[in-house]
Amino acid sequence: MRYDATSAPAIEATGLVKRFGKTTALAGVDLVARPGRVLGVLGPNGAGKTTAVRILATLLRPDGGRASVCGYDVLRNAYQVRQLIGLTGQYASVDDGLSGTNNLIMIGRLLGLPRAQARIRAAELLARFELSEAAGRTAKTYSGGMRRRLDLAASLVGRPRVLFLDEPTTGLDPNSRSDVWLMIRGLVADGVTVLLTTQYLDEADQLAHDIVVIDRGRVIATGTPDELKTRAGGQVLLVAPSDPARLPEAAALLEALAGAEVSTDAEAGTVSAPVTDKTLFPRVARELDDRGIELAEFTLRKPSLDEVFFAITGHRSDDEDTKTRELEETR
Amino acid sequence: MTAIAAPAVPVPARRLGLRGGLRNTFTLTWRSVLKIRTNMEDLLGLLLQPIMYLLLFTYVFGGALAGGTHKYLQFSLPGILVLSVVFATLGTGMMLNQDITTGVFDRFRSLPIARWAPLAGAVLGDMIRYMTSVAVTLGFGMILGFRITASPLSAAAGCLLVLVFALAMCWFSALIGLLAKSPQGVQWFGFLVMFPLVFGSNLLVSTATMPGWLQAFVKVNPMTYLTEAERGLLTGGPVATPAVRSLLWALGIFVVFAPLAVRVYRRKT
């Protein structure tokens, strides 16, 4: 049963089903991660992302469907799968009562490293994750970003081939977030396959080669980041006049220039239009200036996850159904 | 920068033998012991609790209950030994529960280690807590004036017996730890069960002073047998019957709760 890196997918799931009582967390999810690539699993809270990761990481038995990692079935060959994977959960699962060093030595020892080697490996990882100074302190005293980095380090002690990162940057400040991104890119450069779940489109956009969008336990879209953004309508130009009274005028102008329907938010004093071609931005800027409409905000932005969702599903990502599902999942 | 992950896909081993499992268990025992040392509150609780019981029961109740503090200490210390160790078993459930709620167990379960190692490691690590509890109770008791009047060998057997009983009880605690929603839940439920067990016995007072219905309960309570056996082993007196009954109880508790705990644990995994 030797794993063939050239053809077999690093992660493959077919028709995964999981129910918690009456709630269906996964209603038949298919996904494939290519070796050495990053698969982004994108979806709102409670979409079923964590459930999928827990099944793939052998922590949860599916009620239906099959999944394998590097060709090993997650149910029948769980022991083999565990030798190939690393897992970093949404809530950093480090041992609060142990120091950073001892957390990593413990994992190394559990993986069968001799004491001296476990110590070396721990020091190596602590240095790589910029935790050397805090190495001797108990994890209890770490900041959120440090804990997340330690958790990531812990999942790498065994040099995994496949890494599961369940919302690795949720709750982190922008600096820590970009640190984590940098580290993930480093791992991918080393040839590790990464499955990353996230609620943020920009995170998937930054890191993932392929994206699977999950909503209410179903895959609703797959593709590269560019393909998905195109489906969501590409970029959006947002205009906010300093003087709210001139909003209708700005809206009419934008509609004429964009040649598409604009959406006006009178409360926020903004109007936005899908960007159909590259010259729209300078043309709008010039026209607004000519008419003396001063601007409080004038930005081009990518569609948010909400907008991608709305474009694909026709519903918002934060409705009631999703909320109850989230409760079930975090139970 | 050195590559942090090896590029070649390793061929994973098919299974982990018993030796591997034991090695995992010892690593996790090391972790438990390390945690006792680094967690000051836990360590203080472990050390101070028996001391508090000894001081309280000897000096507050001693005079009233037995007409003299020294006389009462000779009578109550074996009981306090049982009480300290049995309450200490609650720690097993609380630590297990904490590991589950904080996600540490998920990490263990994602590693290629023996399924039973985290459970066995927790239990073995706790044996060291119980030994500490026994040592403190006996040591401080002797400072207060308790004297072992039986042979040293018999006293050693007394320590061993209470540890064996704790080893059985901690599976009950582990089961609660696996089922409860929070460490506080473990504590509440544990006390709810352990209070009547511990105090509804001859642990601190003689059974003869209690109403009949209570005597009926006390007479079948395993704590009563264990305390009687400890009295015999530490200060002399009949040993055989209470010791055998204590061991049978320990076996019974183990046979019921260990498989249950393992089952719940497996279902969680």
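All figures in this text were calculated on a predicted structure; none of them were measured in a lab. (Residues numbered from 1 in each chain as written. Chains lettered and ligands numbered in written order. Predicted model: local features only at pLDDT ≥ 70, side-chain atom pairs only at ≥ 80, totals over all residues.)

Structural notes on the packing of helix H10 (residues 222-235) of chain B against helix H11 (residues 240-268) of chain B
All names here are of chain B. In the contact formed by H10 and H11, the axes pass within 8 Å of each other and the chain directions differ by 135 degrees. In terms of axis orientation, H10 runs oblique to H11. The two elements H10 and H11 cross, and the hand of that crossing is left-handed. Here Pro 222, Tyr 225, Leu 226, Glu 228, Ala 229 and Gly 232 of H10 come into contact with H11, specifically with Pro 242, Ala 243, Arg 245, Ser 246 and Trp 249. Residue classes in the contact of H10 with H11 are distributed as seven nonpolar, two polar and two charged. (Axes fitted to C-alpha atoms, helices over the stretch in contact; angles between N-to-C directions. Helix = DSSP H or I, 4+ residues; strand = E, 2+ residues; numbered from the N terminus. Parallel < 35°, antiparallel > 145°, perpendicular 65-115°, else oblique. Left-handed = near helix turned anticlockwise from the far one by under 90°. Contact = placed C-beta atoms within 7 Å. Nonpolar A, V, L, I, M, F, W, Y, C, P; charged D, E, K, R; others polar.)

Remarks on the nonpolar core
If you look at the biggest cluster of nonpolar residues, it comprises 140 residues, and the most contacted ones within it are Leu56(A), Val69(A), Leu195(A) and Val162(B). For Leu195(A), the residues in contact, after removing those within four places along its chain, are Ile11(A), Ala33(A), Leu39(A), Val41(A), Val53(A), Leu56(A) and Phe164(A). Within the second largest apolar cluster, 12 residues are counted, among which are Val239(A), Ala251(A), Val284(A) and Leu288(A). (Core = buried A, V, L, I, M, F, W, Y, C linked by C-beta atoms within 7 Å. Buried ≥ 20, exposed ≤ 12 C-beta atoms within 10 Å, placed from the backbone.)

Considering the domain arrangement of chain A
For chain A, the assigned domains read domain 1 (11-230) and domain 2 (235-301). Centre-to-centre, using C-alpha coordinates, domain 1 of chain A lies 41 Å away from domain 2 of chain A. (Domains from an automatic or database assignment.)

Regarding helix H1 (residues 18-38) of chain B
With 21 residues, H1(B) extends 30 Å between its outermost C-alpha atoms, agreeing within 8% with the 30 Å of an ideal straight helix rising 1.5 Å per residue. Considered for burial, the residues of H1(B) that qualify are Asn24(B), Thr25(B), Thr27(B), Leu28(B), Thr29(B), Arg31(B), Ser32(B) and Lys35(B). The secondary structure elements touched by the buried residues of H1(B) are helix H3 (100-110) of chain A together with helix H6 (117-144) of chain B. (Expected span 1.5 Å × (residues − 1).)

Overview of the confidence of the model for chain A
Close reading of the predicted structure is inappropriate where its pLDDT is low. All names here are of chain A. Taken over all residues, the pLDDT of chain A has a mean of 85, while the share at 70 or more is 88%. Here helix H12 (residues 320-329) is the element of chain A with the lowest mean pLDDT, 46, and H3 is the one with the highest, 96. In this model, residues 1-5 is a region of pLDDT below 50 whose contacts with residues beyond four sequence positions or in other chains number eight contacts. Here residues 319-331 is modelled with pLDDT under 50, and outside its nearest four sequence neighbours on either side it reaches 21 contacts, counting other chains as well. (pLDDT = per-residue confidence, 0-100.)

A word on the pairing of strand S11 (residues 236-241) of chain A
Each regular strand carries side chains that alternate between the two faces of the sheet. All names here are of chain A. Side-chain alternation along S11 places Leu 237, Val 239 and Pro 241 on a buried face and Val 236, Leu 238 and Ala 240 on a face that remains uncovered. Pairing analysis gives four bridges linking S11 to strand S13 (residues 270-274), with the strands arranged antiparallel. Its bridge partner being in S13, Val 239 is matched across the sheet by Val 271. Summarising the sheet, S11 and strand S14 (residues 295-301) pair through six bridges and their orientation is antiparallel. The residue bridging Leu 238 from the neighbouring strand is Thr 299, located in S14. (Pairing = 2+ DSSP bridges.)

Comments concerning the sheet that holds strand S7 (residues 162-166) of chain A
All names here are of chain A. Taken together, six strands build an open sheet; the order of strands is S6-S7-S8-S3-S9-S10 and the sheet is mixed. Sheet topology places strand S6 (85-88) and strand S10 (218-223) at the edges, where each strand pairs with a single neighbour. The average undirected angle you get between the axes of adjacent strands in this sheet is 15 degrees. In the sheet, strand S3 (residues 38-42) pairs with strand S8 (residues 193-198) via five bridges, with the strands oriented parallel. In the strand pairing of S8, Leu 42 is matched with Thr 198.

A look at the interface of chain A and chain B
Across the boundary between the two partners, chain A contributes 37 residues, which contact 28 residues of chain B. Elements supplying a minimum of two residues to the side of chain A that touches chain B: helix H2 (78-84), S6 and H3 of chain A. Sort the elements by how many residues they give to the side of chain A that touches chain B and H2(A) lands first, with five residues. Taken together, the residues of the side of chain A that touches chain B sort by class into 19 nonpolar, nine polar and nine charged.

Focus: the sheet that holds strand S12 (residues 263-265) of chain A
Residue and element names in this part refer to chain A. The sheet built from four strands is open, its strands ordered S12-S13-S11-S14 with antiparallel pairing. Edge strands, defined here as strands with exactly one partner in the open sheet, are S12 and S14. Strand-to-strand twist in this sheet, taken as the mean axis angle between neighbours without regard to direction, amounts to 15 degrees. Along the sheet, helix H9 (residues 247-258) makes contact with S11, S12 and S13, crossing S13 at roughly 5 degrees. Where helix H10 (residues 280-290) meets the sheet, it contacts S11 and S14, and its direction lies at approximately 15 degrees from that of S11.

Some points on helix H1 (residues 49-56) of chain A
Residues and elements named next belong to chain A. In terms of burial, H1 is largely enclosed, as eight of its eight residues are buried. Along H1, the residues classified as buried are Lys 49, Thr 50, Thr 51, Ala 52, Val 53, Arg 54, Ile 55 and Leu 56. Just beyond H1, the residue with positive phi is Thr 58, at close to 65 degrees.

What about the packing of H1(B) against H6(B)?
All names here are of chain B. Two elements in contact, H1 and H6, have axes separated by 7 Å at closest approach and are oriented at 45 degrees. Comparing their axes, H6 and H1 come out oblique. Between H1 and H6 the crossing geometry is right-handed. Contacts between H1 and H6 involve Gly 21, Asn 24, Thr 25, Leu 28, Thr 29, Arg 31, Ser 32, Val 33 and Ile 36 on the former and, on the latter, Ala 117, Pro 118, Ala 120, Gly 121, Ala 122, Leu 124, Gly 125, Asp 126, Ile 128 and Arg 129. A class-by-class count of the residues in the contact of H1 with H6 yields nine nonpolar, seven polar and three charged.

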